[in-house]
Amino acid sequence: MASPLRFDGRVVLVTGAGGGLGRAYALAFAERGASVVVNDLGGDFMGVGKGSLAADKVVEEIRRKGGRAVANYDSVDAGEKVVKTALDAFGRIDVVINNAGILRDRSFGRISDEDWDIIQRVHLRGSFLVTRAAWDHMKKQKFGRIIMTSSASGIYGNFGQANYCAAKLGLLGLSNCLAVEGEKSNIHCNTIAPTAGSRLTQNILPDDLLEALKPDYVAPLVLWLCHESCEENGGLFEVGAGWIGKSRWERTLGAIVRQRTQPMTPEAVKANWTKICDFDNATKPQRIQDSIDGIIEALNKIDSDGGVSANHTSNVTSTATSGFAGAIGHKLPPFSSSYTELDTIMYALGVGASLKEPKDLKFIYEGSSDFSCLPTFGVILAQKSIMGGGLAEIPGLSVNLAKVLHGEQYLELYKPLPRAGKLKCEAIVADVLDKGSSLIILMDVCSYSGEELICYNQFSIFVVGAGGFGGKRTSDKAKVAVAIPNRPPDAVLTDTTSLSQAALYRLSGDWNPLHIDPDFANLAGFDKPILHGLCTFGFSARHVLQQFADNDVSRFKAIKVRFAKPVYPGQTLQTEMWKEGNRIHFQTKEAISALRVRNMLNTHINSLGKNLALSLYVYNDANSMLALILLVSCLDFRHPYLEVIQGQGFEGVGGRMIIVDWSPQL
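The name an unreviewed UniProt entry gives the protein is Peroxisomal multifunctional enzyme type 2-like, with Balaenoptera acutorostrata as the organism. Quoted verbatim from the Subcellular location (unreviewed entry) field of UniProt, the annotation for the protein is "Peroxisome". Turning to the protein, the UniProt record has this under Pathway (unreviewed entry): "Lipid metabolism; fatty acid beta-oxidation."

What follows deals with the packing of aromatic side chains. Applying the stated criterion across every chain yields a total of five aromatic pairs. Above the plane of the ring of phenylalanine 143 lies arginine 10, whose end atom (NZ or CZ) is 3.7 Å from the centre. One Lys or Arg, lysine 528, reaches over the ring of tyrosine 568 and ends 5.4 Å from the middle of that ring.

A separate point is helix 4 (residues 113–141). Given 3.6 residues to a turn, an α-helix orients residues that are three or four positions apart in the same direction. Here helix 4 spans 41 Å end to end across 29 residues, near enough to the 42 Å set by a 1.5 Å rise per residue. At arginine 125, helix 4 shows its maximal kink, close to 40 degrees. Lysine 142 sits one or two positions beyond helix 4 and adopts a positive phi of about 55 degrees.

Ranked by size, the top nonpolar core spans 62 residues in total, and within it Ile441 and Met443 carry the most contacts. The leading source of residues in this core is helix 17 (residues 533–549), at eight residues. Within the second largest apolar cluster, 35 residues are counted, among which are Ala17, Tyr25, Ala28 and Ala219.

Below, the discussion takes up unusual backbone geometry. Located in the positive-phi region is asparagine 281, a residue other than glycine, with phi close to 60 degrees. Here asparagine 281 lies in the loop between helix 10 (273–276) and helix 11 (288–304). Located in the positive-phi region is aspartate 550, a residue other than glycine, with phi close to 50 degrees. Within the secondary structure layout, aspartate 550 lies in the loop between helix 17 and strand 15 (558–562).

What follows deals with the packing of helix 1 (residues 20–31) against helix 8 (residues 219–226). Packing of helix 1 against helix 8 leaves a shortest axis separation of 9 Å and a crossing angle of 55 degrees. The angle between helix 1 and helix 8 falls in the class oblique. In this structure, helix 1 meets helix 8 at a crossing whose hand is right-handed. Each of Ala24, Tyr25, Ala28 and Phe29 in helix 1 lies in contact with helix 8, whose residues at this interface are Ala219, Val222, Leu223 and Cys226. Grouping the constituent residues of the contact of helix 1 with helix 8 by class yields eight nonpolar, no polar and no charged.

Next up on the list: the state of the cysteines. Evaluated as defined, the whole model comprises zero disulfides. Sulfur of cysteine 177: no disulfide; nearest cysteine sulfur belongs to cysteine 189 and is 9.5 Å away. Left unpaired, cysteine 455 is separated from the closest cysteine sulfur, that of cysteine 425, by 6.9 Å. By relative accessible area, which is 0% here, cysteine 455 ends up buried.

On to a nonpolar patch on the surface, then. A cluster of nonpolar side chains, namely Leu355, Leu361 and Tyr365, defines an oily patch on the protein surface of about 310 Å² accessible area. Considering the arrangement of structural elements, one finds leucine 361 in helix 13 (residues 361–364). Using a relative accessible area of 35% as the deciding quantity, one classes leucine 361 as partly exposed.

With that settled, the discussion passes to helix 2 (residues 53–64). Taking 1.5 Å of rise per residue, the twelve residues of helix 2 would be expected to cover 16 Å, and the 16 Å separating its terminal C-alpha atoms lies within 8% of that figure. The complete set of buried residues in helix 2 reads Ala55, Val58, Val59, Glu61 and Ile62. What you see down the axis of helix 2 is that its buried residues fit within an arc of 160 degrees, all on one side. Seen from the buried face of helix 2, the exposed residues on the opposite side, beyond 90 degrees, are Leu53, Lys57 and Arg64. Tucked inside the fold, the buried residues of helix 2 contact helix 1, strand 2 (35–39) and strand 3 (68–72). Phi turns positive, to about 90 degrees, at glycine 66, one or two residues after helix 2.

Quick look at the pairing of strand 11 (residues 421–434) now. Pairing between strand 9 (residues 335–339) and strand 11: five bridges, direction antiparallel. What sits directly across from serine 336, in strand 11, is lysine 424. The antiparallel hairpin formed by strand 11 and strand 12 (residues 438–449) contains three residues in its connecting segment, where glycine 436 sits at a positive phi of about 90 degrees.

This part covers the packing of helix 4 against helix 6 (residues 162–182). Look at helix 4 against helix 6: their axes get within 8 Å of each other, and the N-to-C directions meet at 15 degrees. When the interaxial angle is binned, helix 4 and helix 6 end up roughly parallel. Crossing angle aside, the handedness with which helix 4 passes helix 6 is right-handed. Packed against helix 4, whose contacting residues are Asp115, Trp116, Ile119, Gln120, His123, Leu124, Ser127, Phe128, Thr131 and Trp135, the element helix 6 presents Ala162, Asn163, Tyr164, Ala166, Ala167, Lys168, Gly170, Leu171, Leu174, Leu178, Glu181 and Gly182 at the interface.

The next point concerns the side chain of serine 151. Locating serine 151 in the fold gives a position in the loop between strand 5 (144–149) and helix 5 (152–156). Among the residues examined, serine 151 registers a relative accessible area of 8% and is labelled buried. Each residue touching serine 151, except ones within four places of it in the same chain, is listed here: Tyr164, Lys168, Ile192 and Ala193.

On the basis of which strands lie adjacent, the open sheet formed by six strands has the order 9-11-12-13-10-15 and antiparallel pairing. The open sheet has two free edges, formed respectively by strand 9 and strand 15, since each of these has just one partner strand. The average undirected angle you get between the axes of adjacent strands in this sheet is 25 degrees. Where strand 11 and strand 12 come together, ten bridges link them in antiparallel fashion. Paired with leucine 433 across the bridge in strand 12 is isoleucine 440. Contacts between helix 14 (residues 378–386) and the sheet are confined to strand 9, strand 10 (404–413), strand 11, strand 12 and strand 13 (452–464), with strand 13 contributing the most and set at about 55 degrees to the helix.

The rules behind these values
- Residues numbered from 1 in each chain as written.
- Predicted model: local features only at pLDDT ≥ 70, side-chain atom pairs only at ≥ 80, totals over all residues.
- Heavy atoms only, no water.
- UniProt positions renumbered as here; feature names shortened; annotations may be inferred.
- Phe/Tyr/Trp six-rings, centres within 6.5 Å; stacked < 30°, edge-to-face > 60°.
- Lys NZ or Arg CZ within 6 Å of the ring centre and 35° of its normal.
- Helix = DSSP H or I, 4+ residues; strand = E, 2+ residues; numbered from the N terminus.
- Expected span 1.5 Å × (residues − 1).
- Bend = angle between axes of the 7 residues up to and from the residue.
- Core = buried A, V, L, I, M, F, W, Y, C linked by side-chain atoms within 4.5 Å.
- Buried < 20%, exposed > 50% of the residue type's maximum accessible area, 1.4 Å probe, protein only.
- Axes fitted to C-alpha atoms, helices over the stretch in contact; angles between N-to-C directions.
- Parallel < 35°, antiparallel > 145°, perpendicular 65-115°, else oblique.
- Left-handed = near helix turned anticlockwise from the far one by under 90°.
- Contact = heavy atoms within 4.5 Å.
- Nonpolar A, V, L, I, M, F, W, Y, C, P; charged D, E, K, R; others polar.
- Disulfide = S-S within 2.5 Å.
- Patch = residues over 30% accessible without salt bridge, like charges linked within 9 Å, V, L, I, M, F, W, Y side chains within 5 Å.
- Areas by Shrake-Rupley, 256 points an atom, 1.4 Å probe, with all protein chains shown as cover.
- Salt bridge = Lys/Arg side-chain N within 4 Å of Asp/Glu carboxyl O.
- Arc of directions from axis to C-beta.
- Pairing = 2+ DSSP bridges.

Rendered as C-alpha cells:
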C-alpha cells in the first residue's frame, strides 16, 4: 500500500473555511500534519453579515483532534491581512485554497450593479488579492500550491448566474496565467469545479442529494493537487460524488476562407461553416503558443498560395491602400555608428564562433593575420537604425511595437566589412503589404562607409493584427527566398548553442527582454527566453561560410532567410546545405540528440504498448540526421506518437522495419 500523503511542516490557508467545502479541506489538511489558517468572514451565502463563530468552530475541531490551526475573520478583500495571519502564526505560507464565495442569483435583466460587483469582488478579486499576498513568499521559498475554485456554471453557463459565471470563468483564466508564471519557481496552480453540498447549495439541493455530494468527496483531489509530489500544473478538474474528471480545450482544424479565388466575406464564412465547426481530428491546444502556431501555420499556407483577394467585408470598394501613400518611401532619420574589433569579436562569439573550430580564430582574435569581420555583422548596425522607435513614427501607419515580429531578412554585401569602422545607415519604407491578419513593412537599409555603399539589408517586419485593409499582397521590391532542392542535403553541420547564448548575443545590441527575462518570455507565451532569430541567422551563415568558402569572407555575396520557429538556448542547431552552382540553399533546425530521444523513449515506453518486438535502435545516418528504427510485430502497427515518413517497409526480424520521425507531440 502506498505511503500516506503528508503535509508536515506545510502551512495551508483556506478561505471560506467555516463550513462546507472549506471546512472539509481544513480538517483534511490538518489531519495530515499541516498547520491551517481557517479564514471565514462569517456571513451568509449572499455575503450579508459577519462573525467569528464559523471559523472558531472549525479551529476548535482541528485542535481537539491534536492539529494546529488559527482563525482569521477578514474578508478576502483584505488579502494582505489574511496572509499575514499565516505568517504571524506559523512563519510561512505554502498552500492557498481560494474557496470563499457567495451567490446573488438573478436573471440577466434583473442583475443590479451591486449584485454584479459583489460577486466579482468576492470570487475573482478576492482570490487575486489573497494569492498576490502569498505569491512573493512562495517564490522566495521555491514552493507553492494554489487552488482556484471555478464552477460548472462558469465553464458551461447557467441561467440566472451571469455574474457568478463570469467570475468563475475569470478564475480559470487567472489560474492558467499563474500556472505559466509560477512554474519556474515550483509554484503550481490548478482549478477545480466542484459539485458539492455547501452553504451556497444547502437551500437549493434536496437532503438525499446533499448527502451524495458531501464535500468529503472533493477534498482528496484538493489535497493531492497541493502535495509536493504532485506535478500537475494548469489543470482544470470537475469533481463531485467521488468522481473526478480533467477538462481541456478542444479546437477544430478550422478552415482558411481567404483564398485566391474567394475573398473573405460573410458568405465565404457561411460556405465553410461546417468545416469550421467540424471537431473530427480536433486539436487540443494547451498553451498560448499552441494557439499562435495554428495561426502562423494558416498564414504560411495562405502565403504559399501566392496572392489572395482583398479583404472586403462588403460590396463597398476599399480605399484603405491609399492611406499608406505617405508610408511608402518614408525615410527614417539617418543613423551613424562606429564599431571596433571588440564589437566584431563579440558578435562572432554571439553566433557560435569558438576555439573548438581552429578556423574560427580569424573571427575572434584581432592579432590573427587574416582577422575578419563575419559578413552577417552587417545586420547589426542596420538593425539599430530601425530599433530606435522609428517604426512608430511612420506616417499613415499605426504600429503597435508589442505586435511586431521579424519575419524575413535579406543581407547583401558589396565588399567585405572592415574589421572596424563607422557606417552611416539610411532606412526607407520600401513597401507595405497586406497579408490578411498581418501587415508587412518592407524596410530597406543601406549602410555606407563614407560615400561607398558597403551593404544592403531588407527587413520584413510583421505587424500582427494590422492587416485586412485591402492592400496588395506581393511586391516586386521584396527579396524572395528560393525553395530548397528536393533531395538529400550535400552537407550537414551542427553546433550546440550554450545556455548563455542569448545573453551573449544581446551584447551586440538587441536588448529585447524576450531573450533574457523569463517573466517577459512567459508573458509572450514561451516557457523560457528564446534565442534571437538573427543569432540563428548568424550560426547558419557561419556554417555555410565554413563548409563551402573555407571561411573566406570575400566569397560571401548575399543571404535570404525566413524565420519559422523559435530556438531555445542550449539546443543544438543543425544546418542542412545544398550546393547548386554558386548558390547554397540551406535550412537550419533543432537537431535532437540520441540521448534526448532515449529519455523520451524511457518516458513514453509504457504508452507504446506491447506491439514493440525485440529491439529499438537510435542511429545517425551519413548526414548525421537522426532517425529511429522500430522493429514491430505486426504489419499494421500505428501509434499516435509516431508518424511514418517512409512508406515502404523492410523485412526484419519479427515484423516490418519502419523508419519514423519522433513526433513534436512529445
